[in-house]
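# Survey of secondary and tertiary structure
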Amino acid sequence: ERITAGGMSFRTSISKYISFLGFGIYAILLVLYTVENPSSDKTDGLRIGSSFILGVVTPVFVSFCAPFTTTSNANMLVAQAAQDNGVAKALSIALSAGSFMSFLSTGVGILVL
């Protein structure tokens, strides 16, 4: 339980930093592509900035989904398997949990596109 709480605290603090940085870069992109736009379309800044924000929000969303998937229990299962059955079983569980998060992250990314 403390591991899950610590992980959630870490994700929350990292998400704050990513949000500030992401919205800062969004503002820069908005200004650059609206004021000094190489094309004649004045909505380029809004479209490019919004795409950037969507790219920032997607991994943050996936990281907050992680505790509600197998990742929260995977750490405990890996430790228990390593203690009871050895490294081979622990590695198998760790790879399964990691591949699940990879598929989740890729799937959400494809849905966003």
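The structure displayed is predicted, hence computed values, not measured ones.

Rules of the game
- Residues numbered from 1 in each chain as written.
- Predicted model: local features only at pLDDT ≥ 70, side-chain atom pairs only at ≥ 80, totals over all residues.
- Heavy atoms only, no water.
- Helix = DSSP H or I, 4+ residues; strand = E, 2+ residues; numbered from the N terminus.
- Expected span 1.5 Å × (residues − 1).
- Buried < 20%, exposed > 50% of the residue type's maximum accessible area, 1.4 Å probe, protein only.
- Polar contact = N/O pair within 3.5 Å; in protein donor to acceptor, adjacent residues only side chain to side chain.
- Contact = heavy atoms within 4.5 Å.

Let us look at helix H4 (residues 87–112). A rise of 1.5 Å per residue sets the reference length of H4, with its 26 residues, at 38 Å; its end C-alpha atoms lie 37 Å apart and thus fit the reference within 8%. Along H4, the residues that are buried comprise Ala 90, Ala 97, Met 101 and Val 108.

With respect to the helices and strands, the residue Thr 58 is situated in helix H2 (residues 44–65). In this structure the side chain of Thr 58 is engaged in a polar contact, spanning 2.8 Å, whose partner is the backbone oxygen of Leu 54. Residue contacts for Thr 58: discarding those within four places in its chain leaves Val 108, Gly 109 and Val 112.

Another point: the environment of Leu 30. Looking at where Leu 30 falls in the secondary structure, it is placed in helix H1 (residues 2–35). Separated by 16 residues in the primary sequence, Leu 30 and Leu 46 have C-alpha atoms spaced 5.8 Å apart. In contact with Leu 30, other than residues within four places in its own chain, are Gly 45 and Leu 46.

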